[in-house]
Protein chains: 2
Amino acid sequence: MNALFNCISQYHPISIPAWEVLSEALTQVELPKNSFLVREGMVCNNLYFLERGCLRGYYNNQDGKEVTYWFGFENNFITSFYSFISRKPGIENIQVLEDSTLWGISFETLNQLFDQHHDLERLVRIINEQYYIRLEERLMAMQFKTARERYEQLLGTSPHILQRIPLGQIASYLGISQETLSRIRSQV
Amino acid sequence: MNALFNCISQYHPISIPAWEVLSEALTQVELPKNSFLVREGMVCNNLYFLERGCLRGYYNNQDGKEVTYWFGFENNFITSFYSFISRKPGIENIQVLEDSTLWGISFETLNQLFDQHHDLERLVRIINEQYYIRLEERLMAMQFKTARERYEQLLGTSPHILQRIPLGQIASYLGISQETLSRIRSQV
DNA sequence: ACTTTCTTTTGACAATTGTCAAAAAAGGAA
DNA sequence: TTCCTTTTTTGACAATTGTCAAAAGAAAGT
């Protein structure tokens, strides 16, 4: 739980009482490789903090292909965002790529904590904003950069991804075919 | 200001006192077509609500080309998000595409209001979340749909954009060249 | 070591999209 | 209207990326 505390503190330090109620509300979840945290069609009721391991979010498109649109690593917050926020079933699957340790809190509990501790709601607002900025950067790359540029950007910002994730999933994440990524990689 | 009140209420109804301090804190801004709300290199200190008119956010890429990455219409919240949140200069320009009426609030004032009215911070958290979901949808379209599919999706969700915005800017927004968009359009 | 399975690479070819240049069309100003 | 400017369309061609199929390589299990 230290990792979470440290992570939170980088976004917005919270009061000790707020941290106490939060840490009491968290449930530890251990999941083995290849299991699923979230399945399409269900409402995702929990927000998670990933302490150890790695995950990916993907969905199945019309052609029956898996489309990976994010990876989660240590110290990332994880949820099926659309479903968690809208309280509706989502199309997203969250798969465990390495044995993982997470800390979870339910939507209801989190919102109760927001009522009690303004602090916590501020923390979440700030975290949301930072994640929004990251998403914006990804969108800009997707909109105006070539496959090669997107790959090189990934190399620069998140080289660890390339060590830990199969090529096909990275290609999908970059919005290109596995073959194209393989060719780009051989030409660098 | 009614438009803002109605818009807010759809996200999260706030208390009357909260609305009162908020509406007192807002400054009306009128801008003519082709003027700029934000210029690259500056820190964007304000969050705006667009009551009337339309705007676009764009930046100049390495090749010196304008890259449009969003449009704002009536009842949208507008800011140079990265700059507003991080308090750093951004690369974004926000240009007025039609004579516009906006209501603005500064970063400092907004944060003071957050301290006084938990309600307002919740409202902003919720709005942020909804905007996050929209961005996620755009990213998914950009990642896995063809130019034609993205255009047709835009036709379905925001046909008004096509009436009000020059083709070149729409093409840039969709991440394709103007010529390609023109050809797609002639084939539908 | 030997299968078996999964992942990555390679080749051949097709489809999509971009670029450059010019023409056509539309919109504004005098 | 006429002129001028901006926007949109079209053509020809090139570059990028995708698809399908097969081979090569790596990892996991027995």
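Residues numbered from 1 in each chain as written. Chains lettered and ligands numbered in written order. Predicted model: local features only at pLDDT ≥ 70, side-chain atom pairs only at ≥ 80, totals over all residues. Heavy atoms only, no water.

Chain A has the name CRP-like cAMP-binding protein in an unreviewed UniProt entry, where Pontibacter virosus is given as its organism.

The next thing to look at is the overall build of chain A. Looking only at helices and strands, chain A has 9 helices and 6 strands in total. For chain A, whose C-alpha radius of gyration is 17 Å, the value lies close to the compact-globule estimate of 16 Å for 188 residues. Each of the three principal axes of chain A carries a C-alpha extent, and together these read 55 × 30 × 30 Å. Considering chain A as a whole, with its 188 residues, one finds that 54% of them fall into the buried category. Here the contacts in chain A between residues at least 6 apart in sequence split such that 70% fall between residues at least 24 apart. As displayed, chain A has an accessible area near 8,800 Å², and 49% of this comes from carbon and sulfur atoms. When the 17 basic and 21 acidic side-chain charges of chain A are each reduced to a single mean position, those positions are 8 Å apart. (Helix = DSSP H or I, 4+ residues; strand = E, 2+ residues; numbered from the N terminus. Rg over C-alpha atoms; globule rule 2.2 N^0.38 Å. Buried < 20%, exposed > 50% of the residue type's maximum accessible area, 1.4 Å probe, protein only. Contact = heavy atoms within 4.5 Å. Areas by Shrake-Rupley, 256 points an atom, 1.4 Å probe, with all protein chains shown as cover. Lys, Arg positive; Asp, Glu negative; His and termini not counted. Charge placed at Lys NZ, Arg CZ, Asp CG, Glu CD.)

All names here are of chain A. Of all 8 residues in helix α8 (residues 167-174), 7 are buried; the element is thus mostly enclosed. Every buried residue belonging to α8 is among Leu-167, Gln-169, Ile-170, Ala-171, Ser-172, Tyr-173 and Leu-174, and all of these are buried. Of the residues flanking the end of α8, it is Gly-175, one or two places downstream, whose phi is positive at about 80 degrees.

A few words on the protein's contact with DNA strand D. Around DNA strand D sit 17 residues, and of these Ala147(A), Thr180(A), Leu167(B), Gln178(B) and Arg183(B) come closest. A distance of 3.0 Å is found between a phosphate oxygen of DNA strand D and a backbone nitrogen or oxygen belonging to Ser177(A). Every element with two or more residues in the surface near DNA strand D is listed here: α9 (178-186) of chain A together with α8 (167-174) and α9 (178-186) of chain B. Top contributing element to the surface near DNA strand D by residue count: α9(B), with 6 residues. Looking at the surface near DNA strand D residue by residue, the classes come out as 4 nonpolar, 8 polar and 5 charged. (Near = heavy atom within 4 Å. Polar contact = N/O pair within 3.5 Å; in protein donor to acceptor, adjacent residues only side chain to side chain. Nonpolar A, V, L, I, M, F, W, Y, C, P; charged D, E, K, R; others polar.)

Around DNA strand C, the structure places 17 residues, and the nearest of them are Leu167(A), Gln178(A), Arg183(A), Ala147(B) and Thr180(B). Here the atoms of DNA strand C within 4 Å of the protein split so that 45% fall in sugar or phosphate, with bases taking the remainder. Interatomic distance of 2.7 Å between a backbone N/O atom of Leu167(A) and a phosphate oxygen of DNA strand C. Backbone polar atom of Ala147(B) to a phosphate oxygen of DNA strand C: 2.9 Å apart, as the coordinates give it. It is α9(A) that provides the largest number of residues to the surface near DNA strand C, a total of 6 residues. Along the lines of polarity and charge, the residues of the surface near DNA strand C split into 4 nonpolar, 8 polar and 5 charged.

Our next topic: the packing of aromatic side chains. According to the stated counting rule, one finds 21 aromatic pairs over all chains in the structure shown. Ring geometry for Tyr59(A) against Tyr69(A): centres 5.6 Å apart, planes inclined by 65 degrees, an arrangement best described as edge-to-face. Here the residue Tyr59(A) occupies a position in strand β3 (residues 46-60), and Tyr69(A) occupies one in strand β4 (residues 66-72), the gap between them amounting to 10 residues. Across this residue pair, the class does not change: Tyr59(A) and Tyr69(A) are buried. Taken together, a centroid distance of 4.4 Å and an interplanar angle of 50 degrees make the contact between Tyr132(A) and Phe81(B) tilted. Highlighted residues: Tyr132(A) in helix α5 (residues 118-144) and Phe81(B) in helix α3 (residues 81-86), drawn from two different chains. (Phe/Tyr/Trp six-rings, centres within 6.5 Å; stacked < 30°, edge-to-face > 60°.)

Let us look at the relation of the copies chain B and chain A. Superposition of the two copies of the chain requires a rotation about an axis together with a shift along that axis. Take chain B, turn it by 180 degrees, move it 0.0 Å along the axis, and it overlays chain A with an RMSD of 0.0 Å. Each copy turns onto its partner about a two-fold axis. The overlap is high: 100% of the interface residues of chain B also sit at the interface in chain A, so the same surface is used on both sides. (Least-squares fit on C-alpha atoms with pLDDT ≥ 70 in both.)

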